[in-house]
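Coordinate analysis (summary)
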Amino acid sequence: MSKKNTISQNGKEYWRSLDQLADSQELTDFIQREFPQQASEMTNPVTRRTFLSLMGASIAMAGLASCRRPVEKIIPYVIKPEEIIPGVAEYYATTMPFGTSAFGVIAKSHEGRPTKIEGNDKHSSSMGAANSFMQSAILGLYDPDRSKVVLNLGTQKNYADFVEAWKELYKTYSASKGEGLALLSESFSSPSMARLQRDFQKTFPKATWVTYEAVSDENIFNGVKVATGKELMPAYDYSKAKVIVALDSDFLHAESESIPSARGFADGRRVSEEKAEMNRLYVVESALSLTGGMADHRLRLQNRQIGAFTVALAKALGVDTMGWNADTAAFDAKWLDTAAKDLKRAGKYSIVVAGRRQPAQVHALILAINAALGNVETTVNYREMKDVSISNSAAFANLTSAMKSGSISTLVMLGGNPVYNAAADLKFSEAMSKVATTIHFSGYVDETSKNVAWHVPQAHFLESWGDARSTDGTIGVIQPLIAPLYGGHSALEVLSLIATGKESRGYDLVRETWKNVFAKGSNFEKSWRLVLHDGLLDKSSLPITSVKLDAKKTSEFASKNPMASGLADAQNMEIVFTAS
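The rules we used
- The numbers attached to residues start from 1 for each chain and follow its sequence in the written order.
- Local features in this predicted model are restricted to residues of pLDDT 70 or higher, and side-chain atom pairs are both shown and tallied only at a pLDDT of 80 or more, whereas totals for entire chains, interfaces and linings draw on every residue.
- Heavy atoms from the whole structure form the basis of all side-chain values; hydrogens and water molecules are not counted.
- Angular values range over 0 to 180 degrees, each being the angle between N-to-C directions of two axes fitted as lines to C-alpha atoms, with helices fitted over their stretch in contact.
- To qualify as a helix, a DSSP run of H or I must reach at least 4 residues; to qualify as a strand, a run of E must reach at least 2; elements of each kind are numbered from the N terminus.
- The hand of a helix crossing depends on one turn: near helix anticlockwise from the far one by less than a right angle means left-handed, and clockwise means right-handed.
- Only heavy atoms enter the contact rule, under which two residues are in contact if any of them lie within 4.5 Å.
- Residues are grouped as follows: Ala, Val, Leu, Ile, Met, Phe, Trp, Tyr, Cys and Pro are nonpolar; Asp, Glu, Lys and Arg are charged; every other residue, Gly included, is polar.
- Two strands pair under a simple rule: DSSP has to find at least two bridges between them.
- Working definition: rings of Phe, Tyr and Trp (its six-membered ring) pair if their centres are within 6.5 Å, and the pair is stacked with planes under 30 degrees apart, edge-to-face with planes over 60 apart, and tilted otherwise.
- Relative accessible area decides the class of each residue, using a 1.4 Å probe on protein chains only: under 20% of the type maximum gives buried, over 50% gives exposed, and in between gives partly exposed.
- A ring is scored as having a charge over it whenever the NZ atom of a lysine or the CZ atom of an arginine sits within 6 Å of its centre and within 35 degrees of its normal.
- We count a salt bridge whenever a side-chain nitrogen from Lys or Arg sits within 4 Å of a carboxyl oxygen from Asp or Glu.

**What to know about the packing of helix α17 (residues 506-514) against helix α18 (residues 524-534)**
- With their axes 12 Å apart at the nearest point, α17 and α18 run at an angle of 115° to one another. α18 is crossed by α17, and the crossing has right-handed handedness. On α18, the residues touching Y507, V510, R511 and W514 of α17 are F524, E525, W528 and V531.
- Across the contact of α17 with α18, the residue classes tally to six nonpolar, no polar and two charged.

What follows is the structure, encoded as structure tokens:
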């Protein structure tokens, strides 16, 4: 038998089939075609099957190696801090800034890491409770999307590089007294920020300072100023109110000071031996809100009709509308008459409130209605605003126009994201592109930061020193629980650099401000430590201010700013629920 078609391996011979063993001519021809003489697989000890087996095993082992748990070396304290016990939480009192207000909070910390936020029961705006904004603030501290580095035209830089760049600009604008310089900030209520704002305006008298936020209480403040001629902060005591009429106001959830509002409303709902009647709530709104869900009587109207309804309510109460007029004939007369009678019956224990989305005209008329009901200084209080910078949409529009004209050469933005949330017709992004130097201080590399020359990361309030006032004027200190995770800086530190051209620590800036906060002759260190312990300065609220309606000025404003006409047709109005 011919052995030319057999396979020899390791000293043994193998046949592919019985036909091969028979050495037929057909099989010999087939093998020559399938396996030519030059093919190496016949004699190479590493066959294709062996190769695939080895490669499969290699890939599997490589995959197992990549799935190993990362090595973490736990190094114990050389000298363990006496105040830290592993697993036992520590609590610190601090303040969370929130626009023109602030919340006193108690932050829980485990081994130096903040883990939970609750309200400070000593603070008037939190009262020991926490709303959704406060609860979620802890998540912002650990947000992996936070900005981590200084950027210059998209290139990573150090904070020292930004400081040197600003020092050169500072020399230029100090010589020109700030001509061509503009600073755009968010709303704040902070003694230290207000002090540095004055320093900025003193150093750069020709510079422009504008405060702007897309969502703010600007309309409320403007309406109060129209009616009284003063910038005042309104506050409502719902615990004393027997009848409440809310016009597009979700005061239990979305409006400012929702925590004390919800607490007061709940107190008014409680019935006891001394108080047999609970409060009654009327709500007029365009979409169902948390407050609307709690209403005894709810009327659904288009948002543009709220102004006309306010005029109708004023007329039903016999209040002078000071020139404001609107189409009110199609409103449900029974619903309106019932609400007006209840308000009159409650008198000084009533509240009429409008939401921040309503224009200044509505808020001015609301003040007139409350004044006529006699509830001012009983359920409705006003205080002068101190250390506050409020949003000004008109000034923001003027700044945008100045940027387009080329009269602004450097724009510094402290927070905010105007490229994203400014009104589309202003074309802020286009205006910003015409400014030679743009600086954005922000916690995220957002739409605005991606289009500026310099981006500087902002530290979280749990990483910063600062201070803030609440709505009633109570002043609290912001103290850090942890060093900045990504090396960010506070708005206070950046504003100090802009205003003075020098770097300063937030701790030193706050202490400098508080030297004028404590009573003269008091022990500063002792008072300072007490404030750090409590998180606030006791009995620091501002006094209630008496208000007087300026009917003449309000009428002049009404003639130039008419109320929305109201109803297009009666089909736009629907009574959703009316309690008997």
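**Some remarks on the sheet that holds strand β8 (residues 181-185)**
- An order of β7-β6-β20-β19-β18-β8-β10 is seen for the seven strands of this open sheet, with the pairing classed as mixed. Two strands in the sheet have a free side with no partner beyond their single neighbour: β7 (155-157) and β10 (208-211). Averaged over all pairs of adjacent strands, the angle between strand axes in this sheet comes to 20°, irrespective of strand direction.
- Where strand β6 (residues 150-152) meets β7, three bridges bridge the pair, whose relative direction is antiparallel. Along β7, the bridge assignment pairs N152 with T155.

**Quick notes on the packing of aromatic side chains**
- On inspection of all chains with the given rule, the structure shows 24 aromatic pairs.
- Here the aromatic rings of F309 and F331 are separated by 5.4 Å at their centres, their planes lie at 90°, and the arrangement is edge-to-face. You can see F309 sitting in helix α10 (residues 306-316) and its partner F331 sitting in the loop between α10 and α11 (333-346), a full 22 residues away along the chain.
- Taking relative accessible area as the criterion, F309 reaches 1% and is therefore assigned buried.
- Taking 6.1 Å as the distance between ring centres and 70° as the angle between the ring planes, the aromatic pair formed by Y507 and W528 counts as edge-to-face. Within this pair, whereas Y507 is found in helix α17, its partner W528 is found in helix α18, the two being separated by 21 residues in sequence.
- Residue Y507 is classed as partly exposed on the basis of its relative accessible area, which comes to 24%.
- A relative accessible area of 2% means that W528 is categorised as buried.
- In this structure, K148 packs its charged tip against the face of Y486, placed 4.7 Å from the ring centre.

**Looking at the pairing of strand β21 (residues 466-469)**
- By the alternation rule, side chains of β21 split into G466 and A468 and D467 and R469, which are all buried.
- What sits between β21 and strand β22 (residues 475-478) in their antiparallel hairpin is a turn of five residues, with G473 showing a positive phi close to 95°.

**Some points on the pattern of salt bridges**
- The final tally for this structure, using the stated rule, is 20 salt bridges.
- A salt bridge links D199 to R195, with the shortest nitrogen-to-oxygen separation between them at 4.0 Å. In this pair, D199 and R195 are both assigned in helix α6 (residues 191-203), four residues apart and thus about one turn of the helix distant.
- A relative accessible area of 28% means that D199 is categorised as partly exposed.
- Between R270 and D267 there is a salt bridge, with the nearest N and O atoms lying 2.3 Å from each other.
- By relative accessible area, D267 is classed as partly exposed at 38%.

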